[in-house]
Amino acid sequence: MAKKALITGITGQDGYYLAEFLHEKGYEIYGLVRRSSQNIEQRLGKLSEYVHVEHGDLTDSLSLRDILGRVQPDEIYNLAAQSHVAWSFKTPESTFDITGAGCLRLLEAMRQTSPHSRFYQASSSEMFGQVQEVPQTEKTPFHPRSPYGVAKVAAYWATVNYREGYNLFTCNGILFNHESERRGEEFVTRKISIGVARIKLGLQDKLLLGNLEAKRDWGYAPEYVRAMWLMLQQNEPDDYVIATGETHSVREFCEIAFAHVGLDYRDFVVEDPQFYRPAEVNLLIGDATKARQKLGWKPETTFRQLVERMVEADLENQKRLLRNSGETPRPR
Ligand code: NAP
Ligand code: F7E
């Protein structure tokens, strides 16, 4: 019989790639979708052919109990979150409710109605915030710098607590930034790749960004969802850092992205304080040795390949939009 997986956050970047990955492995997939989700059909794309959509919300424990009780999934992947760090400073309470308490609600629903399930929590390098050591490992103390980071720390400990307190199979994947052509448009990498494509096609003149010196450990999302699955296939539940082990600045991302289309980023990028954060995370770089040794996981895509792949994809998207609108491009 096919294994069943429930994915929260199915309409997000990772939800898409994880569903695709599990489908290829023969899983029956259930995806949690909330009422306020926008463009569901377009975001699910070909997933609609095989994902069973379940309506619910991480802020509503009754819906979670109902779904878990009926579906009895073998594996639960909690990918849903208010995941935008800058936005979390504007909405700290609802961010905590979804990203922090939402995880607790799902764990409790699992304990009460489906305790045999294996549980994956989408923890984040943002928990390291003001980093206490370089590089960051599973043992590095947390010092979150945003309401989002604080909520993720709460969810991390709830996940550990349900493992230790109730003997449930629960894992934290502490994933460093991972990007793709499906990345949300408000995150910096995608904002840059769209900006580059539009500037190249003559649709935009400038790209306004915040802190160009922030450094991140950026990997390719489809490779990261495999690590999530691997964690739930082990004999014992545990927590793992997933990262490339390299760090690059936002400035370097811009440099490579613009150069890929024959442009110099210094002619187009404008640093605008409106995009600075009240408290910044300056440097993240992960050490995924444990994942390499225990899960046999390692990243494949290089930083340059990631940047160029995202720019190429957005060039194609923007050209298609142009064709559909009937406008004439004036490429630079
Ligand atoms: P994403 O694209 O922002 O997707 C977030 C998902 O959560 C969306 O499907 C969203 O649904 C859903 N959601 C938000 N509030 C919800 C609620 N109240 N109830 C049910 N669903 C809700 O995020 P991602 O980049 O795929 O990341 C997946 C997870 O990994 C997130 O938890 C994120 O915090 C975490 N993470 C991401 C990274 C990264 O670099 N991408 C790194 C570490 C950890 P709608 O938008 O349809 O409403
Ligand atoms: O910012 C700087 C910004 O919003 C990266 C989420 O998936 O990864 C993500 O969080 C850096 C920051 O991602 C702009 O100040 C400059 O230093 O792309 P981001 P993030 O904050 O690292 C972690 C691991 C998660 O868990 C989160 O869910 O880029 N930056 N200029 C900018 N950032 C944005 N968004 N927009 C700018 O214009």
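Residues numbered from 1 in each chain as written. Chains lettered and ligands numbered in written order. Predicted model: local features only at pLDDT ≥ 70, side-chain atom pairs only at ≥ 80, totals over all residues. Heavy atoms only, no water.

**Quick word on the sheet that holds strand E4 (residues 75-78)**
The 7 strands lie next to each other as E3-E2-E1-E4-E5-E6-E11, forming an open sheet whose pairing is parallel. Each end of this open sheet is capped by a strand with a single partner; those strands are strand E3 (51-55) and strand E11 (239-242). Here the average twist between neighbouring strands, direction ignored, is 20°. In the packing of helix H1 (residues 13-24) onto the sheet, contacts are made with strand E1 (4-8), strand E2 (28-33), E3 and E4, and the angle to E1 comes to roughly 175°. (Pairing = 2+ DSSP bridges. Helix = DSSP H or I, 4+ residues; strand = E, 2+ residues; numbered from the N terminus. Axes fitted to C-alpha atoms, helices over the stretch in contact; angles between N-to-C directions. Contact = heavy atoms within 4.5 Å.)

**A look at the site of ligand 1**
As a structural note, the neighbourhood of ligand 1 is formed by 26 residues, with Thr-11, Arg-34, Ser-37, Ser-83 and Tyr-148 the closest of them. Arg-43 is positioned such that a nitrogen or oxygen atom in its side chain is 2.8 Å from an oxygen atom of ligand 1. Lys-152 is positioned such that a nitrogen or oxygen atom in its side chain is 2.9 Å from an oxygen atom of ligand 1. Protein contacts shield 92% of the accessible area of ligand 1, which totals 900 Å² for the unbound molecule. Secondary structure elements with two or more residues in the shell around ligand 1: H1, strand E5 (118-124) and helix H6 (147-166). If you tally residues by element for the shell around ligand 1, the top one is E5, at 3 residues. Across the shell around ligand 1, the residue classes tally to 10 nonpolar, 10 polar and 6 charged. (Near = heavy atom within 4 Å. Polar contact = N/O pair within 3.5 Å; in protein donor to acceptor, adjacent residues only side chain to side chain. Areas by Shrake-Rupley, 256 points an atom, 1.4 Å probe, with all protein chains shown as cover. Nonpolar A, V, L, I, M, F, W, Y, C, P; charged D, E, K, R; others polar.)

**As for the pattern of salt bridges**
Under the definition given, this model contains 18 salt bridges. For the salt bridge of Arg-251 with Glu-213, the shortest nitrogen-to-oxygen distance reads 2.5 Å. Of this pair, Arg-251 sits in helix H9 (residues 250-260) while Glu-213 sits in the loop between strand E8 (207-209) and strand E9 (215-216); the two residues are 38 residues apart in sequence, bridging distant segments of the chain. Put simply, Arg-266 and Asp-264 hold a salt bridge, and the shortest N to O gap is 2.8 Å. Judged by relative accessible area, Arg-266 falls into the exposed class, the value being 62%. (Salt bridge = Lys/Arg side-chain N within 4 Å of Asp/Glu carboxyl O. Buried < 20%, exposed > 50% of the residue type's maximum accessible area, 1.4 Å probe, protein only.)

**Description of the nonpolar core**
Within the largest apolar cluster, 49 residues are counted, with the highest numbers of intra-cluster contacts made by Ile-7, Ile-10, Leu-22, Ile-29, Tyr-77, Tyr-120 and Trp-297. The greatest single-element share of this core, amounting to 9 residues, is contributed by helix H8 (residues 221-232). Not counting chain neighbours up to four residues away, the residues in contact with Ile-7 comprise Gly-15, Leu-18, Ala-19, Leu-22, Ile-29, Tyr-30, Gly-31, Leu-32, Tyr-77 and Leu-79. Core analysis: the next-biggest nonpolar cluster, separate from the first, contains 29 residues, Ile-199, Phe-253, Ile-256 and Phe-268 among them. (Core = buried A, V, L, I, M, F, W, Y, C linked by side-chain atoms within 4.5 Å.)

**A short note on the packing of helix H7 (residues 188-200) against H9**
Helix-helix packing is characterised by the crossing angle of the two axes and by the distance between the axes. Orientation of H7 relative to H9, taken along the N-to-C sense of each, is 30°, at an axis distance of 10 Å. Between H7 and H9, the angle falls in the class roughly parallel. Handedness of the crossing formed by H7 with H9: right-handed. Judged by residue contacts, Val-188, Thr-189, Ile-192, Val-196 and Ile-199 of H7 engage Val-250, Phe-253, Cys-254, Ala-257 and Phe-258 from H9. Counted by class, the contact of H7 with H9 contains 9 nonpolar, 1 polar and no charged residues. (Parallel < 35°, antiparallel > 145°, perpendicular 65-115°, else oblique. Left-handed = near helix turned anticlockwise from the far one by under 90°.)

**A look at the site of ligand 2**
Lining the immediate surroundings of ligand 2 are 22 residues, of which Ser-83, Ser-124, Tyr-148, Arg-277 and Glu-280 lie closest. Gly-210 places a main-chain nitrogen or oxygen 2.7 Å from a nitrogen atom of ligand 2. One of the side-chain N or O atoms of Arg-216 is found 2.8 Å from an oxygen atom in ligand 2. Notes on ligand 2: free accessible area 700 Å², of which the protein chains cover 95%. Residue classes in the shell around ligand 2 are distributed as 8 nonpolar, 7 polar and 7 charged. Residue assignment places the shell around ligand 2 across two domains, with domain 1 (4-179 + 220-242) and domain 2 (188-216 + 246-284 + 301-325) each supplying three or more. (Domains from an automatic or database assignment.)

**Things to note about the environment of Thr-247**
Among the structural elements, Thr-247 can be located in the loop between E11 and strand E12 (248-249). For the pair Thr-247 and Glu-41, spaced 206 residues apart in sequence, the C-alpha separation works out to 35 Å. Aside from chain neighbours lying at most four places away, what touches Thr-247 is Lys-215, Arg-216, Asp-217, Glu-252, Leu-283, Leu-284 and Ile-285. One polar contact links the side chain of Thr-247 to the main-chain carbonyl oxygen of Arg-216, over a distance of 3.3 Å. A distance of 3.0 Å separates the side chain of Thr-247 from the backbone oxygen of Leu-284, its partner in a polar contact.

**Quick word on unusual backbone geometry**
A cis amide bond links Val-134 with the next residue in sequence, Pro-135, at an omega value of -5°. For Pro-135, the location among the structural elements is in the loop between E5 and H6. The backbone phi angle of Gln-72 is positive, close to 50°, even though this residue is not glycine. Along the chain, Gln-72 turns up in the loop between helix H3 (61-71) and E4. Backbone geometry places Asn-167, a non-glycine residue, at a positive phi of 60°.

**Quick word on the pairing of E1**
The buried fraction of E1 amounts to 4 of the 5 residues, a majority that puts the element mostly inside the structure. Here E1 pairs with E2 via 5 bridges, running parallel. Bridge pairing in E2 links Ile-7 to Gly-31. Remark: the E1/H1/E2 crossover connection has right-handed handedness. Direction of pairing for E1 relative to E4: parallel, over a ladder of 4 bridges. Residue Ile-7 lies in a different strand from E4, and its bridge partner there is Tyr-77. (Right-handed = clockwise from strand over helix to strand, strands pointing away.)

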